[in-house]
Amino acid sequence: MRPVGAPRPDHSGGRTEERVEDASLRWLHELSLDLGTTLDPVREVGVFAGWLEQAVRPAWLAVFMAEEGERLRLVTARGFDPPTGGSLPLGFDVWRWLAERGAPPCEESMRCALPLTVEQRLLGLVCLAFHRPVEEGGETRRLAASGTNLLAVVLRNIERYQTLQATTARLREVNEELDAYASSISHDLRAPLRAVEGFAQALLQDEGERMSPQGLEYVRRILGAARRMDRLIRDLLEYSRLGRMEIRLQPVSLEGAVR
């Protein structure tokens, strides 16, 4: 991005005339290269504001971002110095609000407000004031609107990425809680299981000679079931730790795996 106030570049390649549409496409191409290089929405808005100053040459501008779908917060302004940290409720006259905070007066025909919207969701608002009247479908307004749409997509992608990061962090916390729970529950389950196994063994040692064959078979079944249960609990605990283990790649016998 060129410094604010730098001369507007000559995209004509030495030609004295160039189609307005071609110039607009070149401006949009430059914006697409400059936007989306960080995950900081305020920085991206600043880049966009600098681009607007050079591409459409407004008298002044202001960019708002939506907060919780109820208010608009002023993020940056160029051409005047408003108080910092200002916000206004949705539906409030934004031009009146800006005028009360030092924005130069501007006739209605010389200004436009462009919403930052993606998927019918309002992300913010771009207010532009010009030195001369701007046509509703004029090239200046279309160029500013196209740039605003690019910024909206970038802001939405940043929002999605931040949401994904928050979700990933929460999932990590949940997994850690599940690991701790699995470790605790396995210990709690094995304690009574060891008692069952211990008493069954004591019963065999102390009363085995006086027990009937059927009684001995019952005790042996109790021991076998207790040991299988203990093995299942240990395997479950091992399975819960797989998420923290490093994945090691190595050849695997498919015959063995199938068997």
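Now for a quick tour of the structure. (Residues numbered from 1 in each chain as written. Predicted model: local features only at pLDDT ≥ 70, side-chain atom pairs only at ≥ 80, totals over all residues. Heavy atoms only, no water.)

Helices and strands together make up the secondary structure of the chain, namely six helices and five strands. Put simply, the chain runs from its N terminus to its C terminus through helices and strands in the order α-α-β-β-β-α-β-β-α-α-α. Computed over the C-alpha atoms, the radius of gyration of the chain is 35 Å, more than 25% above the 18 Å expected from 2.2 N^0.38 for a compact globule of 259 residues. Referenced to the eigenvectors of the C-alpha coordinate spread, the extents of the chain come out at roughly 110 × 45 × 30 Å. (Helix = DSSP H or I, 4+ residues; strand = E, 2+ residues; numbered from the N terminus. Rg over C-alpha atoms; globule rule 2.2 N^0.38 Å.)

This part covers the sheet that holds strand β2 (residues 71–78). Hydrogen bonds between backbone groups are what pair the strands of a sheet, and the pairing can be parallel or antiparallel. Spatial ordering of the open sheet is given by β3-β2-β1-β5-β4, a layout of five strands whose pairing is antiparallel. Edge positions in the sheet fall to β3 (87–89) and β4 (111–118), since each of these pairs with one other strand and no more. Going across the sheet, the axis of each strand differs from the next one's by a mean of 25°, ignoring polarity. Seen against the sheet, helix α2 (residues 41–55) touches β1 (60–67), β2 and β5 (121–129) and runs at an angle of roughly 50° to β2. (Pairing = 2+ DSSP bridges. Axes fitted to C-alpha atoms, helices over the stretch in contact; angles between N-to-C directions. Contact = heavy atoms within 4.5 Å.)

Take the environment of Val63 next. Position of Val63 among the secondary structure elements: in strand β1. Here Val63 falls in the buried class, since its relative accessible area comes to 0%. C-alpha of Val63 to C-alpha of Pro192: the two residues are 129 residues apart in sequence and 66 Å apart in space. With residues up to four places along the chain from it excluded, the contact list for Val63 reads Val45, Arg73, Leu74, Val75, Thr76, Leu116, Leu125 and Val126. (Buried < 20%, exposed > 50% of the residue type's maximum accessible area, 1.4 Å probe, protein only.)

This part takes up the pairing of β2. When β1 meets β2, the two strands line up antiparallel, connected through seven bridges. Residue pairing across strands places Ala66 opposite Leu72, the latter belonging to β2. Two elements, β2 and β3, share three bridges in a ladder whose sense is antiparallel. Considered in β3, the bridge of Arg73 is made with Ser87.

What follows is about the environment of Asp40. Mapped onto the elements of the fold, Asp40 is located in the loop between α1 (20–34) and α2. For Asp40, a relative accessible area of 37% corresponds to the partly exposed category. Along the backbone, Asp40 and Glu159 are 119 residues apart, and their C-alpha atoms lie at a distance of 9.8 Å. One polar contact links the side chain of Asp40 to the main-chain amide nitrogen of Val42, over a distance of 3.1 Å. (Polar contact = N/O pair within 3.5 Å; in protein donor to acceptor, adjacent residues only side chain to side chain.)

Take helix α5 (residues 213–240) next. Here α5 spans 41 Å end to end across 28 residues, near enough to the 40 Å set by a 1.5 Å rise per residue. Turning to α5, its buried residues number three or more, namely Gly215, Leu216, Val219, Leu223, Ala226, Asp230, Ile233 and Leu237. Where α5 is buried, its residues touch α4 (139–207). (Expected span 1.5 Å × (residues − 1).)

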